[in-house]
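The primary structure of each chain is shown beneath.
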Amino acid sequence: MDDGPDAGAEVGFATSLEPLPGGHSGETFLAGAGGERTVVRVYAGRSAARGPLAPEVDAAVLALVRDVLPVPDVLEVRRGDPGTGLPGLLVTTHLPGVPLDRVLPDLDDAGLGRVGERLGVLVGRLGLALQPRAGRFTDRRLVAEEPLPGLDALLDAAAPALPDGLVDALRAVVDDAEDLLADDRHGRRVFVHGDLDPPNVLVDPATLEVTGLVDWELAHAGGPWEDLGALLRHAPQPALRAGVLAAYASLVPGVPDDVAERAAAADLAALLDLAGRADGTGPSDDARRLLERAAGWTLPPGGA
């Protein structure tokens, strides 16, 4: 694996910094210097909770996947220093294109189908990147050493943020999902982006080609259907879903007929994580509504 530039490499001093929108607003900036644009990620705020090695992990992830996926090049990486409070830093090139969520509302079925096919290829390439075991990456070696929590543990962690009735209803949903995924538990483990939704996919609005896949901070080694489940969660349009599934099945061998159901089961982990966040950093309300739908549960009159 190419580890990218040395940790002490210097880039040109930014003459302007513009906060980028999204889940890391206030931590990620579009920088300009000498006519060039770069993206500067400062590992402060909630990103600091990932530890001082987080910038090196993210840089190693980008170096690993850059030959098969459109990701930015790493220009500078510096680990954080807990002793002095200095946050970590990651500087990358700025990719062309606009976030997919800005493009989707204007597309007809033909356009949605084309985008779906390209997204299916993208997630299929990730699904071919086999890993020896599941887990989180803790340093630049990208060895999955930190185990991933199971669905039961994630539901227990999210329970304080959810109504009791919903938690009870979700117990059955989690049991069904575990049963559906049981055949996969000791099977393939693949490289997972972990947050594959339209704001993290950049496209050329004229050609609909995918120009970038960004925000890799949740990357890990996991189950084969996790990224597909996240993608389908954000693809309610039938033409978009059909394009994703057809392209994915054409690229990944042995895709079962019930892959959409397995993908939804695998995506429960991400929904429970989002629903349990109480720090305002994730779309917890949206996740809760999706969990309510999955459980067939509605808030009783006068409930909280």
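Residues numbered from 1 in each chain as written. Predicted model: local features only at pLDDT ≥ 70, side-chain atom pairs only at ≥ 80, totals over all residues. Heavy atoms only, no water.

Brief notes about the sheet that holds strand 7 (residues 135–137)
Part 1 of the reasoning: Judged by pairing direction, the sheet is antiparallel, and its four strands sit side by side in the order 8-7-12-9 without closing on themselves. Of all the strands in the sheet, just strand 8 (144–146) and strand 9 (190–192) have a single pairing partner and so form its edges. Averaged over neighbouring strand pairs, the angle between their axes works out to 50 degrees when direction is ignored.
Part 2 of the reasoning: As defined by bridge partners, strand 7 adjoins strand 12 (residues 220–222) across two bridges and the pair is classed as antiparallel. Each bridged residue has a counterpart across the sheet, and for arginine 136 the counterpart in strand 12 is histidine 220. (Pairing = 2+ DSSP bridges. Helix = DSSP H or I, 4+ residues; strand = E, 2+ residues; numbered from the N terminus. Axes fitted to C-alpha atoms, helices over the stretch in contact; angles between N-to-C directions.)

Topic: the side chain of glutamate 292
Part 1 of the reasoning: As for its placement among the helices and strands, glutamate 292 is situated in helix 9 (residues 284–295).
Part 2 of the reasoning: In contact with glutamate 292, not counting residues within four places along its chain, are Leu166 and Trp297. (Contact = heavy atoms within 4.5 Å.)

What about the pairing of strand 5 (residues 88–93)?
Part 1 of the reasoning: Judged by how many residues are buried, strand 5 sits mostly within the fold: five of six residues are covered.
Part 2 of the reasoning: Bridge count between strand 3 (residues 36–43) and strand 5: six bridges; the pairing is antiparallel. Paired with arginine 41 across the strands is leucine 90, a residue of strand 5.
Part 3 of the reasoning: The sheet contact formed by strand 4 (residues 74–78) and strand 5 spans four bridges and is antiparallel. (Buried < 20%, exposed > 50% of the residue type's maximum accessible area, 1.4 Å probe, protein only.)

Observations concerning the packing of aromatic side chains
Part 1 of the reasoning: With the rule as written, the count across this model stands at three aromatic pairs.
Part 2 of the reasoning: Note on phenylalanine 137 and phenylalanine 191: the rings are 5.5 Å apart at their centroids and 25 degrees apart in plane angle, and the pair reads as stacked. Of this pair, phenylalanine 137 sits in strand 7 while phenylalanine 191 is found in strand 9, placing the two residues 54 residues apart along the sequence. We note that phenylalanine 137, like phenylalanine 191, is buried.
Part 3 of the reasoning: Their ring planes at 50 degrees and their centres at 6.3 Å tell us that phenylalanine 191 and tryptophan 216 sit as a pair that is tilted. Placement of phenylalanine 191 in strand 9 and of tryptophan 216 in the loop between strand 11 (210–213) and strand 12 is noted, with a sequence separation of 25 residues between them. A single burial state applies to phenylalanine 191 and to tryptophan 216, both of which are buried.
Part 4 of the reasoning: Taken together, the ring pairs connect Phe137, Phe191 and Trp216 into an aromatic cluster. (Phe/Tyr/Trp six-rings, centres within 6.5 Å; stacked < 30°, edge-to-face > 60°.)

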